Amino acid sequence: MGDSQLSEYPNRQPAMTLWYHDHAMNITSLNVFSGLVGMYLLRDEEEEKLKLPHGDHEVPLIVCDRNLATDAKGALTGQLLHKTTGTLPFLGPYTLVNGRIWPYLEVRPGWYRFRVLNASNSRTYRLHLLDENDNQVTAGAAWQIGTDSGLLGTPLAITSDGLTLAPAERADVLVDFSAFRGKNLRMVNSAQAPFRGDPLPPGVEPGDPLPADRLPEPDVMQFRVRDELLSELSHCCTTEVGAARPGAREGVQRREGARGREHRPGHRDVRGRLPAAADPLAVLLPAHHRPAPRRPGAAGARAGRRPRRHAGAVGAGEVPASAAPTAPGQVLDGIIQVTGPDGVTTTYQRLARHFDDQLNWRARMDEWEVWQILNLSGILHPIHIHLIRFQPLAIDAYDTGEFDAALGGTATGKPVAHTASLPIDPSLTGWKDVMRVPPGTAVTVAGQFRGAAGRYMYHCHILEHEDAGDDAAVRGDAGCCHGSRQRYGWWHGHGWRHGQHGNDQHYWHRKHHSATGSAGTTGSTGATAR
């Protein structure tokens with residue numbers, strides 16, 4: 001007999017675009033790949049006051065990539081193929097929207113609201129709308145009004161740079177089809193894979209295939225705009241777009257460029273205050289680093305256990321500078337030095353390596369946590385923290401060339417060093433629960449653990465990374481007594497930790513659409529909650 005579990009979700013959250021998926025330990029990537037996902041929409045009175053498109057004019061778009069088997073004649077058999085092992089991320093040649101390959105959606109002239117989710121295991125999308133002449137029409141016709149965890153304070157025009165969504169990220173988007181009666185538009189992806197955040201190569205335009213960058217088929221879906229008079233809904237939102245959403249209030253302060261620009265986070269006010277403490281650090285590691293075996297008796301060690309090859313997080317804490325290597329060129333596995341924006345060099349030591357190692361991080365319920373995630377690997381990682389929504393405070397560039405991936409540390413006198421403070425992409429300035437961390441950057445976020453106490457995960461949402469150990473746990477306690485709320489760590493895989501709160505583990509295609517059918521909502525499951 002199997003076990004059963006009854007789970008209750010009280011939905012005490014603002015309106016937002018959520019989703020749910022299977023989270024079985026070590027096989028999340030396979031179960032999500034098999035389709036165990038769905039969208040979950042929360043609504044509230046504040047959202048209703050905006051009179052956004054609704055009913056048939058509000059459409060979920062669950063986007064993902066897959067690979068399918070073919071028979072001897074090249075016809076699809078319907079069998080899913082997932083040909084990766086270990087930390088190698090899955091990238092498929094077919095793009096599905098709501099369970100159909102390269103589908104179309106018939107729309108009427110006027111405004112539509114699309115709740116877009118990237119449900120891929122590892123592929124990042126950079127989405128653009130093209131007309132029948134392959135010209136971009138996104139600018140002026142498409143607006144982003146929400147992120148993962150709520151509405152933005154002000155609608156954000158989607159530019160020719162497109163809408164970027166890493167795995168698990170969501171976007172709440174308005175599109176006005178009024179100017180395209182009787183025409184077809186197609187949505188394409190221009191994101192190379194694996195994704196680093198790089199722009200398109202010179203001479204390449206959105207919609208061009210990039211087979212060398214694992215994007216042989218850039219098409220995502222087609223919109224067929226009916227040739228009819230504008231519907232009543234065509235005028236919906238014309239007064240709202242470009243105007244601030246009612247109720248936007250001051251929120252957390254974030255650094256951008258010169259640092260210090262006020263940020264309006266967008267859905268309701270932010271309750272609580274940020275700690276007057278230095279920014280933290282967590283670390284993403286390259287996949288080819290194999291940590292040295294642990295010493296006998298080390299915390300979390302298991303007899304006979306061999307170190308796994310992974311791109312994951314490692315738990316670590318700040319240690320005295322004397323713990324750093326002293327011999328010229330010497331590198332100690334698990335010891336890394338980081339020079340921050342203030343010029344101060346800090347030494348960190350790995351404290352845990354796997355998810356089931358010791359629990360080192362604790363968060364006090366309802367108080368602010370400030371986390372910093374430093375990416376030492378060569379690709380972008382989407383970092384998801386359970387039980388919390390957060391906002392970015394700063395994005396900083398680091399020279400990670402001195403990190404020795406083979407040995408797992410930095411050499412004497414050659415720290416990972418801060419090089420520049422970067423602007424924050426406006427699309428990231430709302431409430432988030434997944435944060436894109438490009439290679440060679442550190443992203444600082446702040447938020448509160450609220451609603452329930454217990455043990456929760458934070459992990460990379462490239463699911464093959466998560467299953468291979470790129471995850472870790474943090475405990476939210478109702479009555480922990482800690483001082484500042486700092487969380488330091490690096491992503492060379494998992495994360496690193498700093499401060500007096502203990503230590504947690506954190507190694508941290510052009511196709512004919514008519515043959516594939518309408519997007520509709522086929523192939524997806526969903527729920528709406530109030």
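(A) Expanded view of the overall build of the chain. When helices and strands are counted, the chain shows 3 helices and 33 strands. Out of the 530 residues belonging to the chain, those deemed buried represent 56%. Per element, the accessible surface of the chain, about 22200 Å² overall, is 50% carbon and sulfur.

(B) Examining unusual backbone geometry more closely. Across the junction of Ala193 and Pro194, the peptide omega takes the value -5°, indicating a cis bond. Within the fold, Pro194 resides in the loop between β15 (184-189) and β16 (219-225). Of note, Lys51 is a non-glycine position whose phi angle comes to about 55°, a positive value. Within the fold, Lys51 resides in the loop between α2 (45-48) and β3 (58-66). Classification of Lys51 as exposed rests on a relative accessible area of 62%.

(C) Spatial organisation of the pattern of salt bridges. The final tally for this structure, using the stated rule, is 21 salt bridges. Where Glu47 meets Arg43, a salt bridge forms, and the shortest distance between an N and an O atom there is 3.7 Å. Across the pair Arg43 and Glu58 runs a salt bridge, and its minimum N-O distance is 2.8 Å. In this pair, Arg43 sits in the loop between β2 (37-42) and α2 while Glu58 sits in strand β3, placing the two residues 15 residues apart along the sequence. Each member of the salt-bridge network shares a partner with another, and the members are Arg43, Glu47, Glu58, Arg113, Arg115 and Asp172.

(D) Geometry of the sheet that holds β3. The sheet built from 7 strands is open, its strands ordered β7-β6-β3-β9-β14-β11-β12 with mixed pairing. The strands lining the two open edges of the sheet, one partner per strand, are β7 (100-101) and β12 (150-157).

(E) Expanded view of the packing of aromatic side chains. Counted according to the given criterion, the structure contains 9 aromatic pairs. Where Phe33 meets Phe90, the ring centres are 4.7 Å apart and the plane angle is 75°; that geometry is what we call edge-to-face. One end of the pair, Phe33, is in helix α1 (residues 28-33); the other, Phe90, is in the loop between β5 (76-80) and β6 (94-97), with 57 residues separating them in the sequence. Aromatic rings pair up to connect Tyr112, Phe114, Phe177 and Phe223 into one cluster. In this structure, Arg224 is placed above the aromatic ring of Tyr104, and the distance from its NZ or CZ to the ring centre is 3.7 Å.

(F) Local environment of the pairing of β16. Burial of β16 is extensive: 6 of the 7 residues sit out of reach of the surface. Of the pairings in the sheet, the one linking strand β8 (residues 104-107) to β16 comprises 4 bridges and is parallel in character. Of the residues in β16, the one forming a bridge with Tyr104 is Gln222. Here β15 runs beside β16; their pairing, made up of 5 bridges, is antiparallel. Bridge pairing links Val188 to Asp219 in β16.

(G) Expanded view of the nonpolar core. Among the nonpolar cores identified, the biggest contains 29 residues, and Leu61, Phe114, Val116, Phe177, Met187, Met221 and Phe223 are the most heavily contacted of them. When contributions to this core are tallied by element, the ones reaching two or more residues are β3, β8, β9 (111-118), β10 (125-130), β13 (163-165), β14 (170-176), β15 and β16. It is β16 that provides the largest number of residues to this core, a total of 4 residues. Ignoring sequence-local partners within four residues, the contact set of Val116 consists of Leu61, Val63, Leu127, Leu165, Glu169, Arg170, Ala171 and Val173. Among the nonpolar cores identified, the runner-up in size contains 22 residues, and Trp361, Ile379, Val443 and Val445 belong to it.

(H) Spotlight on the sheet that holds β13. With mixed pairing, the 5 strands of this open sheet are ordered in space as β8-β16-β15-β10-β13. Two strands lie at the open edges of the sheet, namely β8 and β13, each paired on one side alone. Adjacent strand axes in the sheet meet at a mean angle of 25°, parallel and antiparallel pairs treated alike.

(I) Spotlight on the environment of Asp399. Inspection of the secondary structure assignment puts Asp399 in strand β24 (residues 388-399). Judged by its relative accessible area of 41%, Asp399 falls in the partly exposed class. Between the C-alpha atom of Asp399 and that of Pro439, which follows or precedes it by 40 residues, the distance is 9.9 Å. With residues near it in sequence (within four places) discarded, Asp399 still touches Val416, Ala417 and Thr419. Here Gly401 takes part through its backbone nitrogen, which lies 3.0 Å from a polar atom of the side chain of Asp399.

(J) Fine view of the pairing of β14. Counting buried positions over the 7 residues of β14 gives 7, a clear majority of the element. Covered by surrounding structure in β14 are Arg170, Asp172, Leu174 and Asp176 together with Ala171, Val173 and Val175, the residues of both alternating faces. In this sheet, β14 lies alongside β9 in antiparallel orientation, the contact comprising 7 bridges. For Arg115, the partnering residue across the bridge sits in β14 and is Asp172. Across 4 bridges, strand β11 (residues 142-147) lies against β14 in antiparallel orientation. Among the inter-strand pairings, Trp143 is bridged to a residue of β14, identified as Leu174.

(K) Up close: the confidence of the model for the chain. Per-residue pLDDT for the chain has a mean of 77; in total, 70% of the residues score no lower than 70. Note on residues 238-251: pLDDT is under 50 here. Beyond four places in sequence and across chains, it has 37 contacts. For residues 521-526, every residue scores under 50 in pLDDT, and the model assigns this stretch 15 contacts once sequence neighbours within four places are set aside.

(L) View of the side chain of Arg170. Tracing the backbone shows Arg170 in strand β14. Polar contacts involving the side chain of Arg170 include one to the main-chain carbonyl oxygen of Ala168, which spans 2.9 Å. A polar contact is formed between the side chain of Arg170 and the side chain of Asp433, at a distance of 2.7 Å. Excluding residues that lie within four positions of it along the chain, Arg170 makes contacts with Thr17, Leu18, Trp19, Val116, Leu117, Gly146, Thr147, Asp148, Ser149, Leu165, Asp433 and Val434.

Each value, and the rule that gives it
- Residues numbered from 1 in each chain as written.
- Predicted model: local features only at pLDDT ≥ 70, side-chain atom pairs only at ≥ 80, totals over all residues.
- Heavy atoms only, no water.
- Helix = DSSP H or I, 4+ residues; strand = E, 2+ residues; numbered from the N terminus.
- Buried < 20%, exposed > 50% of the residue type's maximum accessible area, 1.4 Å probe, protein only.
- Areas by Shrake-Rupley, 256 points an atom, 1.4 Å probe, with all protein chains shown as cover.
- Salt bridge = Lys/Arg side-chain N within 4 Å of Asp/Glu carboxyl O.
- Pairing = 2+ DSSP bridges.
- Phe/Tyr/Trp six-rings, centres within 6.5 Å; stacked < 30°, edge-to-face > 60°.
- Lys NZ or Arg CZ within 6 Å of the ring centre and 35° of its normal.
- Core = buried A, V, L, I, M, F, W, Y, C linked by side-chain atoms within 4.5 Å.
- Contact = heavy atoms within 4.5 Å.
- Axes fitted to C-alpha atoms, helices over the stretch in contact; angles between N-to-C directions.
- Polar contact = N/O pair within 3.5 Å; in protein donor to acceptor, adjacent residues only side chain to side chain.
- pLDDT = per-residue confidence, 0-100.

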